Amino acid sequence: MARYDILIRGGEVVDGTGSPRRRADVAIRAGRVVAVGLDLAGEATRILDARGKIVAPGFIDVHTHSDAALALDGDAQCAIRQGITTNVAGNCGVSLFPIGPDGPELNFLANATVREHLRPDWTTAAGYLDHLEQEGVSINAGVLTGHGSLRRAVGAQGRGCTAAQLAQMKSLLAESLEDGSLGLSTGLTYAPGCYAEPEEVVALAQVTAQYGGIYATHMRSYDAALVPAIEEALDVARQSGVTLQISHLTPGPSLYGSAPRLLKILEEARTQGVDVACDINVQPTGSTSLRSLCPLWALEGGNERLLERLRDPALRARMRQDILEKGSGTGGSMMQALMQSGEWDKLWLGTCKVNYAYRGKSFAEIARLRGEDPFDMVFNVLLEEEASATFFGVNKSEDDIEKMMGGSFVSLITDGMGWSQVGPLAKEIDHPRNYGAYPWAIRRYVRERRGTTLEEVIHHSTGVPAARFGLTDRGEIREGAWADIVIFDENEIADRGTVADPAQDPVGIAAVLVNGEIVVENGKHTGARPGQVLRRKGG
Ligand SMILES: [Zn+2]
């Protein structure tokens, strides 16, 4: 008689490959799936009744900013409660290593909790990953090396870099890849990554390629200059031979409707031999650092310089003028376009400290409450928060998101920060996607819009990202795979967070297992931390 640790009985298995669901039991032993089939015989220490429910691989979120959150609290509450069992941090150019004399590059990771509690006792990727491993983590966690962090570590905070700085960045990057980083990320609209010439990025991508790492890029533009930005990224891949992942690729407001064109560009590049794929956010509202609403010239030299410029009335007037005239053409966030067009009701304040009472309120309302012109409100809030605040803004269309899901190489992501509903991180109430992006994708695109199937959404959230990031034995339910599993009711699963009240647990999820251990059951975190730290193979 077979003996199992856990036997999941009677569910509909959606296995992550895109194949149609089938009725099957799933048996788990020593962390892995050991049998999948109808009416499995055998004894199990624990039986989970999944009748009437979907049994799917846990979601694999390859684009997160959970670097600080996981270092502070390995419970990964926001992720695991929405069914995520693996995440990759270090995206958009920001990782918590390497750390040089100026301290870590925090950018959008900076908030009151992080500034108060994060005291890195590491400087390298090895140190960071060891920290996660020692503290324990509830989900599997991998990380990329941030280009902005490399730049900060070598003191390259402005335009270009010296040959010596580039050499130092290449060696720090190589060291991090040897330590197990999965690859390189850039944030080319964010300071200081935005000040890099393409040659600098190519040089770093070459190092990444030598180690077989992946290059994930938040490109220079997602709005008017999106297509040239994709061309730049493809050129980096052509020149370096690196595996390219274009991060959160949906067209911004001035290009709504162009998803088919973007897919075509990527498909053509793939036929020409470029190893390119992309991931997408699933909600029309995005989120990033408040300071990225400033023109790039205002961010040069770091936060202190930005604050000085914000105190200078002439420079402040110039910033306003630049945004009004050029929108996101000044670099920085594409959501500057919403300031340019005066759509202050499509922008909301996110994490902040001094202005906590305004969190989740629209810029239109905050300006009214503060009795300020909206531009001045943004600039004053930046000053009061010492440039450490985030915001939300509408920057995508659901039609485009749905069409992008049609690409065979497209992964769904949260782009989340990994904060928590409990413990010290609970103060940092952030964008709703942190709490329920995958439940949103199923509710919205499968149940409400009916534009795709559950099998497809699961495939793009599991099998596709696992294959892309070389996570063998994850992302599918099959014999031999790690037992990362989410069990949910397909008619009930839903996000509940809103912009005004984001920190709401999703509903409809019965259980979440990581490496064969139950981490969430009936909405409760069991305290288990069975996650593995995922190091690049050979790292
Ligand atoms: Zn990004």
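Not measured: the values here are computed from a predicted model.

What counts, and where the lines are drawn
- Residues numbered from 1 in each chain as written.
- Predicted model: local features only at pLDDT ≥ 70, side-chain atom pairs only at ≥ 80, totals over all residues.
- Heavy atoms only, no water.
- Phe/Tyr/Trp six-rings, centres within 6.5 Å; stacked < 30°, edge-to-face > 60°.
- Helix = DSSP H or I, 4+ residues; strand = E, 2+ residues; numbered from the N terminus.
- Buried < 20%, exposed > 50% of the residue type's maximum accessible area, 1.4 Å probe, protein only.
- Lys NZ or Arg CZ within 6 Å of the ring centre and 35° of its normal.
- 1 Å grid on protein atoms, 1.4 Å probe; cavity = no way out; pocket = protein on both sides within 12 Å on 5 of 7 lines; lining within 4 Å.
- Points joined across faces, edges and corners; volume = space filled by probe spheres on them.
- Nonpolar A, V, L, I, M, F, W, Y, C, P; charged D, E, K, R; others polar.
- Pairing = 2+ DSSP bridges.
- Axes fitted to C-alpha atoms, helices over the stretch in contact; angles between N-to-C directions.
- Core = buried A, V, L, I, M, F, W, Y, C linked by side-chain atoms within 4.5 Å.
- Contact = heavy atoms within 4.5 Å.
- Donors = N, O, S within 2.8 Å, 3.2 Å for Na, K, Ca; no water.
- Polar contact = N/O pair within 3.5 Å; in protein donor to acceptor, adjacent residues only side chain to side chain.

Right, let's talk about the packing of aromatic side chains for a bit. Each pair of aromatic rings is reported with the distance of its centres and the angle of its planes. Applying the stated criterion to the full structure yields 7 aromatic pairs. Between Phe108 and Tyr190, the aromatic rings sit 5.2 Å apart at their centres with planes inclined by 65°, giving edge-to-face as the arrangement. Placement of Phe108 in the loop between β7 (84–89) and α3 (112–117) and of Tyr190 in the loop between β10 (183–187) and α7 (198–210) is noted, with a sequence separation of 82 residues between them. Each member of the pair, Phe108 as well as Tyr190, is classed as buried. Through a chain of ring-to-ring contacts, three or more aromatic side chains come together here, namely Phe97, Trp122 and Tyr128. The lysine or arginine in question, Arg359, covers the ring of Tyr356, its NZ or CZ lying 5.8 Å from the ring centre.

Turning to empty space enclosed by the protein, a few remarks are in order. Under the defined criterion, the tally for this structure stands at 3 cavities of 30 Å³ or more. Here the largest cavity defines a volume of roughly 100 Å³. Asp61, Ala79, Ile84, Thr414 and Gly418 are, among the 17 residues lining the largest cavity, the residues nearest its centre. Secondary-structure elements contributing two or more residues to the lining of the largest cavity are α2 (77–80), β7 and α17 (433–448). Here the lining of the largest cavity is built from residues that sort into 7 nonpolar, 8 polar and 2 charged.

A volume near 570 Å³ is recorded for the largest pocket. Of all the secondary-structure elements, those providing two or more residues to the lining of the largest pocket are α8 (226–240), β14 (285–289) and α17. Looking at the lining of the largest pocket residue by residue, the classes come out as 13 nonpolar, 21 polar and 7 charged. Computed from the structure, the second largest pocket encloses a volume of approximately 460 Å³. Together, 25 residues line the second largest pocket, and Pro104, Leu106, Arg152, Arg291 and Asn303 are the ones closest to its centre. Elements with a minimum of two residues in the lining of the second largest pocket: α3 and α11 (303–311). Ranked by residues supplied to the lining of the second largest pocket, first place goes to α11 with 4 residues. In terms of residue class, the lining of the second largest pocket is made up of 10 nonpolar, 6 polar and 9 charged.

What follows covers the sheet that holds strand β6 (residues 59–61). With parallel pairing, 3 strands are arranged side by side in an open sheet as β6-β7-β8. Looking along the sheet, the strands with just one partner apiece sit at the ends: β6 and β8 (140–143). Averaged over all pairs of adjacent strands, the angle between strand axes in this sheet comes to 15°, irrespective of strand direction. Here β6 runs beside β7; their pairing, made up of 3 bridges, is parallel. Residue pairing in the sheet places Phe59 in a bridge with Ile84 of β7.

Sheet analysis places strand β1 (residues 3–13) next to strand β2 (residues 22–29), joined by 6 bridges and oriented antiparallel. What sits directly across from Ile8, in β2, is Val26. Summarising the sheet, β2 and strand β3 (residues 32–37) pair through 5 bridges and their orientation is antiparallel. Its bridge partner being in β3, Ala27 is matched across the sheet by Ala35. Linking β2 back to β3 in an antiparallel pair, the connection comprises 2 residues, with Ala30 at a positive phi of about 50°.

Turning to the nonpolar core, a few remarks are in order. Proteins that are soluble and globular tend to have nonpolar side chains buried together. Core analysis: the largest hydrophobic core is formed by 141 residues, its most contacted members being Ile230, Leu249, Leu290, Phe363 and Phe488. The dominant element in this core, judged by the number of residues it contributes, is α8, at 8 residues. In this structure, Leu290 is in contact with Leu349, Phe363, Val378, Val381, Leu382, Ala389, Thr390 and Phe391, ignoring residues within four places of it in sequence. By size, the runner-up hydrophobic cluster in this structure holds 19 residues, among which are Val26, Leu48, Ala483 and Ile487.

Consider a sheet: its strands pair through backbone hydrogen bonds, and that pairing is either parallel or antiparallel. Within the open sheet, the 6 strands sit side by side as β9-β10-β11-β12-β13-β17. Their pairing is parallel. In this open sheet, the two strands that pair with only one neighbour each are β9 (145–146) and β17 (410–413). With 4 bridges joining them, strand β13 (residues 276–281) and β17 adopt parallel strand pairing. Following the sheet pairing, Asp279 is matched in β17 by Ser411.

Note on the zinc ion: its protein donors are Cys92 (SG), His218 (ND1) and His248 (NE2). The metal-donor distances range over 2.1 to 2.2 Å. Here the donor residues for the zinc ion map to a single chain with the spacing C-x125-H-x29-H. Here His218, found in strand β11 (residues 214–218), pairs with His248, found in the loop between β12 (243–246) and α9 (259–271); they are 30 residues apart in sequence, far enough to count as distant.

You can see Thr217 is positioned in strand β11. At 3.4 Å, the side chain of Thr217 and the side chain of Tyr215 are in polar contact. For Thr217, the contacting residues outside a window of four places in its chain are Thr186, Leu188, Tyr222, Ala233, Leu244, Gln245, Ile246 and Ser247.

Within the secondary structure layout, Asn355 lies in the loop between β15 (347–349) and α14 (363–370). Apart from residues lying up to four places away in sequence, Asn355 is in contact with Leu349, Arg370, Val381, Glu384 and Glu385.

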